[in-house]
Number of protein chains: 2
Amino acid sequence: MTLKDLARELGVSTATVSNAFNRPDQLSPKLRERILAEAKRLGYRGPDAKARSLRTGRSRIIAVILAESLTYSLNDAVSSEFLSGVAEVLDTQGHTLLLLSARQAKCQIVDSASMADGFIVYGLMPSDELFDSLPLNASLVAVDFNVSGHPSVHVNNEPACFEIADRALTISPRQRPAIINLRLTREPCNGRIDPDYALLPPERTITRSRLSGYHRALAKHGFAAERVPMWNVEENTFEVCAPVIEEILDQPDGERPDLLLCMSDRTALTALTLAERRGLRIPEDISLIGFDGIAEGQFRAPRLTTVRQESGEKGRLAARMILGLEPAHSRLLDTQLIPGETCP
Amino acid sequence: MTLKDLARELGVSTATVSNAFNRPDQLSPKLRERILAEAKRLGYRGPDAKARSLRTGRSRIIAVILAESLTYSLNDAVSSEFLSGVAEVLDTQGHTLLLLSARQAKCQIVDSASMADGFIVYGLMPSDELFDSLPLNASLVAVDFNVSGHPSVHVNNEPACFEIADRALTISPRQRPAIINLRLTREPCNGRIDPDYALLPPERTITRSRLSGYHRALAKHGFAAERVPMWNVEENTFEVCAPVIEEILDQPDGERPDLLLCMSDRTALTALTLAERRGLRIPEDISLIGFDGIAEGQFRAPRLTTVRQESGEKGRLAARMILGLEPAHSRLLDTQLIPGETCP
DNA sequence: TTGTAAGCGTTATCAT
DNA sequence: ATGATAACGCTTACAA
């Protein structure tokens, strides 16, 4: 049952039927009424989205390309909150959300790509290859990284990390700080990293800026930043973080770090859980700092000392930019220090 | 830059260019090579998805229609896990995921609807009106409710709730059990509900089956099921649950329930948090039972006593059904009792 | 191996 | 107010 069938059935032109659905003002209410009624009777569900999008060039679909797998992104509090913000805006604007992952087979992304009216790319610069295959003049907003010629949404990672680490070291000085990075190395590495490890370039990952902030604070408090021991985790999940953190905690008293500067709440919470299981006192034996400000860190005792980034707001902003509701220039969002109990 | 342009530029037919992209075996490798090279040079990104989907009738898009708002669904552990399962399968099969909410304006759903190759409807029977406007012979899988003529995926809610409540009442008998329902009443109600409240019909919500299971166990242990006090919450979030739970906990010792049968972990965790804040001992003063088995309930002390449902597996199964990888008949998934410490 | 041509179901621009 | 008609960009018999 197509629009054309319906038109024939009714003895009117296709244009008129189309207008009945799309431009009520273009035909007499009486005729429109009749067309709509007959459509319902014959089981015509309204104009086909595929045909319409071909004809008009717009689909009302906005695609979000996620750096991580969909599985991860949907389970992670930070990216879910981001998506949730995106969805909220799209929703009110009559658009829908197509989820893509940069980890998917390239062809899938490219295939669906030309379907979408715009792209929000989240978390990590996609490969050039992928990037080149997006529609040429598609509207695009980058989140948490920069891409030339398109606006981006960022959070003030470096200053936030400086501030929270500075505060920690000022209030209760520590002897043995350590840093747990998140996917910072050029080659995957789950464990301790030496100072001479090859790191991802700053434009490819926000964890570089967070690291800079921590380093600046450490330097201010007399630590040779490059001497502060660092570990790296490849994925922000309990399963992947746990072995690395066990390795850290396995060290004997006096060698074990007494301050863990983490790149995410997920990592910090994993450390917290594992430390508690060993009977270590928080924050006396080890104090902990996270990043993100996820609910899970605040609904427990001790509450996580962390930096709150408004992931939802990032999503809303990116969505508004894509839809042209917001001027298309890059924005830097503020964060907020949350003084919890894991690092007084 | 279209396929036709490229063909003209190269002096070949559109069919040949199309084949170069879709059916490598239909033309000489040499020519194909030349076409692909030229395409790249001229900035042709491959066949347009909109046009292709119109022509072939398939878009490789699967839509999930969620009962709750996208914002809620993306933040909730249970539905995220479900989506994550769906995404996992779609991913490996070269499909992508379009997220819709039954709460959206109807037109948005209908508009995007004809775009998708199939639908997974999650959580709640959508309105008949919405339902009628889905493509007539679209493939459709229902999750957590039934829709005639289409397969569904369920979890054994009633037996699971019976089992966990029965176990609780057997091991440590209690005097004052109470039930906290989730969106069970026909009219929204956030608070205590009388036995004569009008409830949603069983086919519209799974919480009816959970309630039946609890009631059966209570009856077995000598409680007049309809006398057991019940509360209802309209949304499975801390913010909405908290006032209702405070109302429950506000009751004086001896009147306050000593066993809370909840419909979700989220609700049980909220109760747990609020009870702990008041200095109530868990499980001595109040014991708690949840449903879902979300991670948050197990990564804390005391761990939640609950029923684990494999939400991810529900998603994977639904996705496989939609893609025809699985026979299209309804399935009932098992659950697993998790004996935590909130109800020994 | 390659080309021709007929749609796929709409919408938009003209006429009438 | 309504109708003809030409795209939109592609796929796929079928013909050469």
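Every residue gets a number counted from 1 within its own chain, in the order that chain's sequence is written. Key to labels: chains lettered from A, ligands numbered from 1, both in the order written. Owing to the predicted nature of the model, reporting of local features is limited to residues with pLDDT of at least 70; listing and counting of side-chain atom pairs is limited to 80 or more, with chain, interface and lining totals taken over all residues. Note that water and hydrogens are dropped before the side-chain values are worked out from all heavy atoms of the structure.

Q: Before we move on, can you summarise the protein's contact with DNA strand C with the specific residues and values?
A: Looking at DNA strand C, there are 26 residues lining it, with A:L3, A:S18, A:Y44, A:R55 and B:R55 nearest. Near is defined per residue: the residue qualifies when any heavy atom it owns lies within 4 Å of the molecule or strand. In DNA strand C, atoms within 4 Å of the protein come from the sugar-phosphate backbone in 65% of cases. One nitrogen or oxygen atom from the main chain of A:L3 is found 2.6 Å from a phosphate oxygen belonging to DNA strand C. A distance of 2.8 Å separates a base nitrogen of DNA strand C from a polar side-chain atom of B:R55. In protein, a polar contact requires one atom able to donate a hydrogen and another able to accept it; more generally it is a pair of N or O atoms within 3.5 Å, and residues adjacent in sequence count only if both atoms are side-chain atoms.

Q: Break down the pattern of salt bridges for me, with residues and values.
A: Put simply, a salt bridge is a Lys or Arg side-chain nitrogen that is within 4 Å of an Asp or Glu carboxyl oxygen. Scanning all chains against the criterion turns up 42 salt bridges over all chains. Across the pair A:K220 and A:D166 runs a salt bridge whose closest N-O atoms are separated by 3.2 Å. Residue A:K220 is found in helix α10 (residues 207-220), and its partner A:D166 is found in helix α9 (residues 157-171); the two are separated by 54 residues along the sequence. Exposure is judged per residue with a 1.4 Å probe applied to protein chains only, and the accessible area is read against the type maximum: over 50% gives exposed, under 20% gives buried, and values in between give partly exposed. In this structure A:K220 comes out as exposed when scored by relative accessible area, which is 53%. Residue A:D166 is classed as buried on the basis of its relative accessible area, which comes to 13%. As a salt-bridge pair, B:E246 and B:R278 come within 2.6 Å of each other at their nearest N and O atoms. Pair noted here: B:E246 is in helix α11 (residues 238-249) and B:R278 is in the loop between α12 (265-277) and β10 (287-289), with a separation of 32 residues, a long-range link. Residue B:E246 is classed as partly exposed on the basis of its relative accessible area of 27%. Given the relative accessible area of 35%, B:R278 is considered partly exposed. Look at the salt bridges and you will find they share partners, linking A:E88, A:E313, A:R316, A:R320, A:E326 and A:R331 into a network. By the criteria applied, helices consist of DSSP H or I runs no shorter than four residues and strands consist of E runs no shorter than two, each listed in order from the N terminus.

Q: With reference to specific residues and values, describe the pairing of strand β3 (residues 118-122) of chain A.
A: It is a general feature of regular strands that their side chains alternate between the two faces of the sheet. All names here are of chain A. Most of β3 sits inside the fold, with 5 of its 5 residues counted as buried. Neither face of β3 is open: one carries G118, I120 and Y122, the other F119 and V121, and all of them are buried. At least two DSSP bridges between two strands are required for those strands to pair. Sheet topology note: the β3/strand β4 (residues 139-143) ladder contains 5 bridges and is parallel. What sits directly across from V121, in β4, is A142.

Q: Please provide a residue-by-residue account of the relation of the copies chain A and chain B, values included.
A: Only residues with pLDDT of at least 70 in both copies count here: their C-alpha atoms drive the least-squares fit that superposes the copies. Turning chain A through 180 degrees and shifting it by 0.1 Å along the axis lays it on chain B, with an RMSD of 0.1 Å. The transformation relating the two chain copies, once decomposed into turn and shift, fits a two-fold axis. Within chain A, A:L98 has its C-alpha nearest the rotation axis, a separation of 2.2 Å. The share of interface residues of chain A whose copies in chain B are also at the interface is 100%, consistent with both copies meeting through the same surface. In what follows, a contact means two residues having at least one pair of non-hydrogen atoms within 4.5 Å.

Q: Account for the domain arrangement of chain A, with residues named and values stated.
A: The split of the chain into domains comes from an automatic or database domain assignment. Partitioning chain A into domains gives domain 1 (3-47), domain 2 (61-154) and domain 3 (155-309 + 334-338). Each of domain 1 of chain A and domain 3 of chain A has a C-alpha centre, and these two points are 63 Å apart.

Q: How would you explain the packing of aromatic side chains if you had to name every residue and give the values?
A: Two measures describe an aromatic ring pair: the distance that separates the ring centres and the angle between the ring planes. All names here are of chain A. We call Phe, Tyr and Trp rings a pair once their centres come within 6.5 Å, taking the six-membered ring for Trp, and we label the pair stacked below 30 degrees between planes, edge-to-face above 60, and tilted otherwise. A full pass over the atoms with the stated rule returns 4 aromatic pairs over all chains. Centroid distance F82 to Y122: 4.1 Å. Interplanar angle 25 degrees. Geometry classified as stacked. With F82 in helix α6 (residues 77-92) and Y122 in strand β3, this pair connects stretches of sequence that are 40 residues apart. For Y122, a relative accessible area of 10% puts it in the buried group.

Q: An account of the interface of chain A and chain B is needed here, citing residue identities and associated values.
A: Listed by partner, the interface residues are 46 residues for chain A and 47 residues for chain B. For the pair chain A and chain B, the summed buried surface comes to about 4,200 Å²; carbon and sulfur atoms form 57% of the total. A 1.4 Å probe defines the accessible area here, and the buried area is the portion of it lost by two parts on being joined, summed over both. Of all residues in chain A, the largest losses of buried area upon contact with chain B belong to A:R45, A:K50 and A:F299, amounting jointly to 19% of the total for that side. The tally of links between chain A and chain B comes to 0 salt bridges. On the surface where chain A and chain B come into contact, there are 17 residue pairs in polar contact (both at pLDDT 80 or more).

Q: Please set out empty space enclosed by the protein residue by residue, giving values where relevant.
A: Gaps left between atoms are located by rolling a probe of water-molecule size over the structure's atoms. Points on a 1 Å grid over protein atoms alone make up a cavity when a 1.4 Å probe fits among them but cannot get out, and a pocket when they form an open set with protein on both sides within 12 Å along at least five of seven lines; lining residues each have an atom within 4 Å of a point. Grid points are joined across faces, edges and corners, and a volume is the space filled by probe spheres set on the points. Taken as a whole and assessed by the stated rule, the structure comprises 2 cavities of 30 Å³ or more. For the largest cavity, the lining is made up of 26 residues, of which A:E68, A:G123, A:L182, A:R183 and A:I206 are closest to its centre. Looking at the lining of the largest cavity, the elements that each hand over two or more residues are α5 (70-75), α6 and α10 of chain A. Two domains each donate at least three residues to the lining of the largest cavity, and these are domain 2 (61-154) and domain 3 (155-309 + 334-338) of chain A. When its volume is computed, the second largest cavity comes out at roughly 180 Å³. Of all the secondary-structure elements, those providing two or more residues to the lining of the second largest cavity are α12 (265-277) of chain A together with α12 of chain B. Gly falls in the polar group here, along with every residue not listed as nonpolar (Ala, Val, Leu, Ile, Met, Phe, Trp, Tyr, Cys, Pro) or charged (Asp, Glu, Lys, Arg). Each residue belonging to the lining of the second largest cavity can be placed in one class, and the counts come to 4 nonpolar, 2 polar and 6 charged.

Q: Residues and numbers for the protein's contact with DNA strand D, please.
A: The immediate surroundings of DNA strand D are formed by 26 residues, with A:T16, B:L3, B:S18, B:Y44 and B:R55 found nearest. Counting only atoms of DNA strand D within 4 Å of the protein, the fraction found in sugar and phosphate groups is 65%. Backbone polar atom of A:S13 to a phosphate oxygen of DNA strand D: 2.9 Å apart, as the coordinates give it. The contact in question runs from a base oxygen of DNA strand D to an N or O atom on the side chain of B:R55, over 2.5 Å. Broken down by secondary-structure element, the contributors of at least two residues to the surface near DNA strand D are α2 (14-22) and α4 (49-56) of chain A together with α1 (3-10), α2 (14-22) and α4 (49-56) of chain B. In terms of residue count, the dominant contributor to the surface near DNA strand D is α4(B) (4 residues). The residue makeup of the surface near DNA strand D, split by class, is 10 nonpolar, 11 polar and 5 charged.

Q: Account for the packing of helix α1 (residues 3-10) of chain A against helix α3 (residues 29-42) of chain A, with residues named and values stated.
A: Angle between the axes and distance between the axes: these two values describe a pair of packed helices. All names here are of chain A. Interhelical geometry of α1 versus α3 gives an angle of 115 degrees and a closest axis separation of 11 Å. If you check the angle between α1 and α3, you find them roughly perpendicular. The interaxial crossing formed by α1 with α3 has right-handed handedness. Residues L6, E9 and L10 of α1 form the contact with α3, whose participating residues are R34, I35, E38, A39 and L42. Axes here refer to lines fitted to C-alpha atoms; in helices the fit is confined to the stretch in contact. Angles between the N-to-C directions go from 0 to 180 degrees. Angular relationships are summarised with four words: roughly parallel below 35 degrees, roughly antiparallel beyond 145, roughly perpendicular across 65 to 115, and oblique for the angles in between. Note on convention: the crossing is left-handed when the near helix lies turned anticlockwise from the far helix by less than a right angle, right-handed when the turn is clockwise.

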